[in-house]
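# Notes for the structure review
Here is how the chains run, residue by residue.
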Amino acid sequence: AFQGQTLSCDTATVDLIANTVDAVGNVVIQDPRTHLEADRIVLNYKTNLGTVYNGFVQTGQVILEGEIIEKKGPNSYFAEQAE
């Protein structure tokens, strides 16, 4: 848990210098606004920006599902091979 956000996964590597977590396998991240599930995510836990691999993100009533989903800003996403 970090800043109101919870993460669960099979394995995670945390880089304290780069402030990143590389989570792999059955990844689930939840906070009051967002639910995310993926095979893998690389996330900067300070900026809350990162890349989701083979997953989906639900924020409010919007759902993104795709091979690669990049969170570019607080309310900005870029998705490849997505719906």
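About the cut-offs
- Residues numbered from 1 in each chain as written.
- Predicted model: local features only at pLDDT ≥ 70, side-chain atom pairs only at ≥ 80, totals over all residues.
- Heavy atoms only, no water.
- Pairing = 2+ DSSP bridges.
- Helix = DSSP H or I, 4+ residues; strand = E, 2+ residues; numbered from the N terminus.
- Salt bridge = Lys/Arg side-chain N within 4 Å of Asp/Glu carboxyl O.
- Buried < 20%, exposed > 50% of the residue type's maximum accessible area, 1.4 Å probe, protein only.

Every regular strand shows the same layout, with side chains that alternate between the two sheet faces. Examined bridge by bridge, strand S1 (residues 6–8) and strand S3 (residues 20–30) share three bridges and lie antiparallel to one another. Looking at S3, one finds that Thr6 is bridged to Gln30. Here strand S2 (residues 11–15) pairs with S3 via five bridges, running antiparallel. Within S3, the position partnered with Thr13 by the bridge is Asp22. The hairpin formed by S2 and S3 contains four residues between the paired strands, and Asn19 there has a positive phi angle of roughly 60°. Bridging between S3 and strand S4 (residues 34–44) involves nine bridges; their strand directions are antiparallel.

In total, this model carries two salt bridges according to the counting rule given. The salt bridge partner of Asp22 is Arg40, with a shortest N-O separation of 2.8 Å. Here the residue Asp22 occupies a position in strand S3, and Arg40 occupies one in strand S4, the gap between them amounting to 18 residues. Among the residues examined, Asp22 registers a relative accessible area of 24% and is labelled partly exposed. Two residues, Glu70 and Lys72, come together in a salt bridge whose shortest N-O distance is 3.3 Å. Note on Glu70: relative accessible area 21%, which makes it partly exposed.

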